[in-house]
Amino acid sequence: MAQLPNEMIQLILIRLEVRDLIRCRSVSKLWKSWISESNFIKAHLEHRYLQDSENNKMGSRRIAMSASRCGDWIYDPDKILSVCRTRHLLGSSNGLVCVSPSRTEFLLINPETREVNKLEEPQIPQEGYMIYGFGYDSSKDDYKVVLGFRNGSSHTCFLKFTLKSNVWEVIGEVNYTFVSRVGFLYSGALHWVVCHGSAYQMPVILSFDLSEDKFEEIPQPCKWAEHLGSISGCLCVFDVLEEVWMMNEYNVRQSWEIVEPKDNIKTEIVHCLKDIMHYIPNKRPLCLKQRVVHTPKFIGAPLYTPSLVSPHIFKKPNEKKQETRIIKSRKVPKVCLDSASSSEVGNLER
């Protein structure tokens, strides 16, 4: 029986599900080498995105924490930090998921490969209101965790962690009261609902461009809406899912229109992440199961695509421990640095 050419075998492998590829790594050393190559991992991820986008019958893939101890499966992005959880989902990008078990602890996880990377802990106040976000910076091929903490009645100081540098860096300070806490990732930027100064002002959307490290206001429709999400590939705002507004053209006020979610929501796949207290890396599966839904209840949940991308992607073998530090950016108020002083911390933990 004739053997298939290697190029054809690789084209077949790229079309397989992640969990099937994990099994295929045990077929031979050659297959394991193919599947572990960065070019293969990127090609597989691109194929997954393309496959989902070309499926006209399906909407988006999303990920949410298991709500078995918190009532119904309705995804409320501003209540995911509830005390009934042991882990908090802060975002997802390219198959990597950022989870926070505690105020200063951040884990970067691939639920499919079961890899976990514990990030360095930031130097932040021990108490107070926190803002979060996670996403991919395509211009630098890097992943960023964004963290904000209250500084005064309406000022919020922001830090960012880049996976390549293993460094927490001070971004600066913004004068907003945050209505939402977890940034929704859309079009390469994180988005929050905020108010100017006082929480009683008409809210706007604040975006943080992950490539340019720049904050920018995006106009809301003439509606008090506290939650962000996406429908049919467009950014949307909603309030307890009673009324949903969709921005047909990004950052254009006139493109906002009210929509009926039931008419715009397609069948979606929701990957349910386990809410467990003591996770053993590489041993226990992280995804409880997949749910096929046809409901607007999850439009605020992070988008998710299963992938082979490793949370240790920039970790070099046998890398020596090095000092990581808080770096001062240009034009950063000194008050931010007072709350984020430098310290010696160790290397990334596997």
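Cut-offs and rules
- Residues numbered from 1 in each chain as written.
- Predicted model: local features only at pLDDT ≥ 70, side-chain atom pairs only at ≥ 80, totals over all residues.
- Heavy atoms only, no water.
- Buried < 20%, exposed > 50% of the residue type's maximum accessible area, 1.4 Å probe, protein only.
- Helix = DSSP H or I, 4+ residues; strand = E, 2+ residues; numbered from the N terminus.
- Pairing = 2+ DSSP bridges.
- Patch = residues over 30% accessible without salt bridge, like charges linked within 9 Å, V, L, I, M, F, W, Y side chains within 5 Å.
- Areas by Shrake-Rupley, 256 points an atom, 1.4 Å probe, with all protein chains shown as cover.
- Salt bridge = Lys/Arg side-chain N within 4 Å of Asp/Glu carboxyl O.
- Core = buried A, V, L, I, M, F, W, Y, C linked by side-chain atoms within 4.5 Å.
- Contact = heavy atoms within 4.5 Å.
- Axes fitted to C-alpha atoms, helices over the stretch in contact; angles between N-to-C directions.
- Parallel < 35°, antiparallel > 145°, perpendicular 65-115°, else oblique.
- Nonpolar A, V, L, I, M, F, W, Y, C, P; charged D, E, K, R; others polar.

The protein is annotated in an unreviewed UniProt entry as F-box domain-containing protein from Lactuca virosa.

A. Spotlight on the pairing of strand S8 (residues 155–162). Here S8 lies mainly inside the structure; 7 of its 8 residues are buried. Direction of pairing for strand S7 (residues 142–151) relative to S8: antiparallel, over a ladder of 8 bridges. Bridge pairing in S8 links Val145 to Phe161. Two elements, S8 and strand S9 (residues 167–178), share 8 bridges in a ladder whose sense is antiparallel. Considered in S9, the bridge of Lys160 is made with Glu169. In this antiparallel pair of consecutive strands, S8 and S9, the connection spans 4 residues, and Asn166 shows a positive phi of 60°.

B. View of a nonpolar patch on the surface. A cluster of nonpolar side chains, Leu4, Met8 and Ile12, forms an exposed patch at the surface whose accessible area comes to about 260 Å². Considering the arrangement of structural elements, one finds Met8 in helix H1 (residues 6–14).

C. Structural view of the environment of Glu226. Relative to the assigned elements, Glu226 resides in the loop between strand S13 (214–218) and strand S14 (227–231). Residue classification places Glu226 among the partly exposed positions, given a relative accessible area of 29%. For the pair Glu226 and Val194, spaced 32 residues apart in sequence, the C-alpha to C-alpha distance is 8.6 Å.

D. Geometry of the nonpolar core. In terms of nonpolar packing, the biggest core is built from 33 residues, with Leu13, Phe106 and Val145 touching the most fellow members. Looking at which element gives the most residues to this core, the answer is S7, with 4 residues. Those residues in contact with Val145 that sit more than four places away from it in its chain are Cys98, Phe106, Leu119, Gly133, Phe134, Leu159, Lys160, Phe161 and Trp168. Membership of the second largest hydrophobic core comes to 14 residues, among which are Val146, Tyr176, Phe178 and Phe208.

E. Quick peek at the packing of H1 against helix H4 (residues 38–53). The geometry of H1 relative to H4 is characterised by a closest axis approach of 9 Å and an angle of 50° between their N-to-C directions. As the angle between them shows, H1 and H4 are arranged oblique. Counting all contacts with H1, which are made through Gln10, Leu13 and Ile14, the residues of H4 involved are Phe40, Ala43, His44 and His47. The class makeup of the residues in the contact of H1 with H4 is 4 nonpolar, 3 polar and no charged.

F. How the structure looks around the pattern of salt bridges. Counted according to the given criterion, the structure contains 13 salt bridges. Residue Lys144 pairs with Asp213 through a salt bridge whose shortest N-O separation is 2.9 Å. Of this pair, Lys144 sits in strand S7 while Asp213 sits in the loop between strand S12 (204–209) and S13; the two residues are 69 residues apart in sequence, bridging distant segments of the chain. Here Lys144 falls in the buried class, since its relative accessible area comes to 1%. Among the ionic contacts, a cluster of salt bridges with common partners joins Asp137, Lys140, Lys144, Lys160, Glu169 and Asp213.

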